[in-house]
Amino acid sequence: MLILLLLLISCTLTGEQENRLSKQLSKYIKSYNTHNTLEYAGLTHPSAVKYYTALGDSNFINHFGLDIENEGAELDNLLYREMKTDGNWMERKYTIERKTIEENNRSYELYALSSDGGDNWFFLTEDDYFLDKIPLKKRLFSK
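This section reports on the structure supplied with the text. The written sequence of each chain sets the order in which its residues are numbered from 1. Local features are withheld for residues below a pLDDT of 70 in this predicted model, meaning they are given only at 70 or higher, and side-chain atom pairs are given and counted only at 80 or more; totals for whole chains, interfaces and linings count all residues. To obtain the side-chain values, all non-hydrogen atoms of the structure were used and water was disregarded.

A few words now on the overall build of the protein chain. For the protein chain, the helix and strand inventory stands at 6 helices and 4 strands. In sequence order, the protein chain lays out its α and β elements as α-α-α-α-α-β-β-β-β-α. Here's how the labels work: a residue is buried when its accessible area is under 20% of the maximum for its type, exposed when over 50%, partly exposed in between, all with a 1.4 Å probe on protein chains only. Relative to its 143 residues, the protein chain shows a buried fraction of 39%. Whether two residues are in contact is decided by their heavy atoms, any of which lying within 4.5 Å being enough. Taking the contacts inside the protein chain whose residues are at least 6 apart along the sequence as the reference set, 50% of them involve residues at least 24 apart. Here the Shrake-Rupley method, with its probe set to 1.4 Å, supplies the accessible areas, and only the displayed protein chains count as covering residues. Carbon and sulfur atoms make up 52% of the accessible area of the protein chain, which totals about 8600 Å². The helix count covers DSSP runs of H or I at least four residues long, the strand count covers runs of E at least two residues long, and both are numbered beginning at the N terminus.

The pairing of strand 1 (residues 74–86) with strand 2 (residues 89–99) spans 10 bridges and is classified as antiparallel. When the bridges of strand 2 are listed, Lys 84 appears paired with Glu 91. Hairpin connection between strand 1 and strand 2: a loop of 2 residues separates the two successive antiparallel strands, and Gly 87 in this loop has a positive phi of roughly 65°. Strands are treated as partners if at least two bridges between them are detected by DSSP.

Among the structural elements, Arg 98 can be located in strand 2. Relative accessible area serves as the criterion here: at 19%, Arg 98 is assigned to the buried category. Definition of a polar contact: a pair of N or O atoms within 3.5 Å, with one able to donate and the other able to accept a hydrogen when the atoms are protein atoms, and with sequence-neighbouring residues admitted only if both atoms are side-chain atoms. Side chain to side chain, Arg 98 and Tyr 32 meet in a polar contact 2.7 Å long.

Quick look at the side chain of Glu 97 now. With respect to the secondary-structure elements, Glu 97 resides in strand 2. Charge convention: Lys and Arg are scored as positive, Asp and Glu as negative, and His as well as the terminal groups of each chain are ignored. Any carboxyl oxygen of Asp or Glu within 4 Å of a side-chain nitrogen of Lys or Arg constitutes a salt bridge here. Despite its burial, Glu 97 pairs with no opposite charge; the closest candidate is Lys 99, at 4.7 Å N-O. Here the side chain of Glu 97 touches Asn 105 through a polar contact of 3.4 Å, side chain to side chain.

Most of strand 2 sits out of view: 10 of its 11 residues are buried. Pairing geometry for strand 2 and strand 3 (residues 106–114), over 9 bridges, is antiparallel. For Glu 97, the partnering residue across the bridge sits in strand 3 and is Ser 107. Where strand 2 hands over to strand 3, the hairpin turn is made up of 6 residues, of which Glu 103 adopts a positive phi near 60°.

Pairing within the open sheet is antiparallel, and its 4 strands lie in the order 1-2-3-4. Sheet topology places strand 1 and strand 4 (122–125) at the edges, where each strand pairs with a single neighbour. Going from strand to strand, the sheet's axes swing by 25° on average, the running direction of each strand aside. Strand contacts of helix 2 (residues 15–33): strand 1, strand 2, strand 3 and strand 4, with the helix running at about 145° to strand 1, the strand carrying the most contacts. All axes are obtained by fitting lines to C-alpha atoms, using only the stretch in contact for helices, and the reported angles, taken between N-to-C directions, cover 0 to 180 degrees.

On to unusual backbone geometry. Residues other than glycine seldom take positive phi values, yet His 35 does so here, at roughly 60°. Taking relative accessible area as the criterion, His 35 reaches 23% and is therefore assigned partly exposed.

On to helix 2, then. Taking 1.5 Å per residue as the helical rise, helix 2 with its 19 residues ought to reach 27 Å, and the 27 Å between its terminal C-alpha atoms agrees with that figure. Those residues of helix 2 not exposed but buried are Gln 17, Leu 21, Gln 24, Leu 25, Tyr 28, Ile 29, Ser 31 and Tyr 32. Viewed along the axis of helix 2, the buried residues span an arc of 160°, placing them on a single side of the element. Turned more than 90 degrees away from the buried face of helix 2 sit Gly 15 and Lys 30, all of them exposed. For helix 2, the elements touching its buried residues are helix 3 (37–43), strand 1, strand 2, strand 3 and strand 4. For a helix, the expected span equals 1.5 Å multiplied by the number of residues minus one. Taken from the helix axis, the directions to the C-beta atoms give the arc we talk about.

Shown next, in the form of structure tokens:
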């Protein structure tokens, strides 16, 4: 029973960590919904940004360019799913819905990652999270 309680406590966030994650997550969703490409890329995990930057400007714009491809699309209905930790490395998995004007809505997994014990959070979509070409220190979730 004690081991189960310790495991449960180790997979939760303090109030301060939760507050920081909530603020960053709100900024991420808002930047997507308002087509703020630079902020959206800035809140994406740096490994993904580095990967798409190395592929060239057109690939970077295709991936992060919210004005053209995603006009009228919004992220909504965020639902917390699960959290995993390994030392200071923390990951949270959410389901989020991408709504479009054409009602071609799609739900996908969104991952919040922190390498410093919850002080700073960055985000990856499920496609980028599982893309082996994007190096991450750890991947605590599996497909």
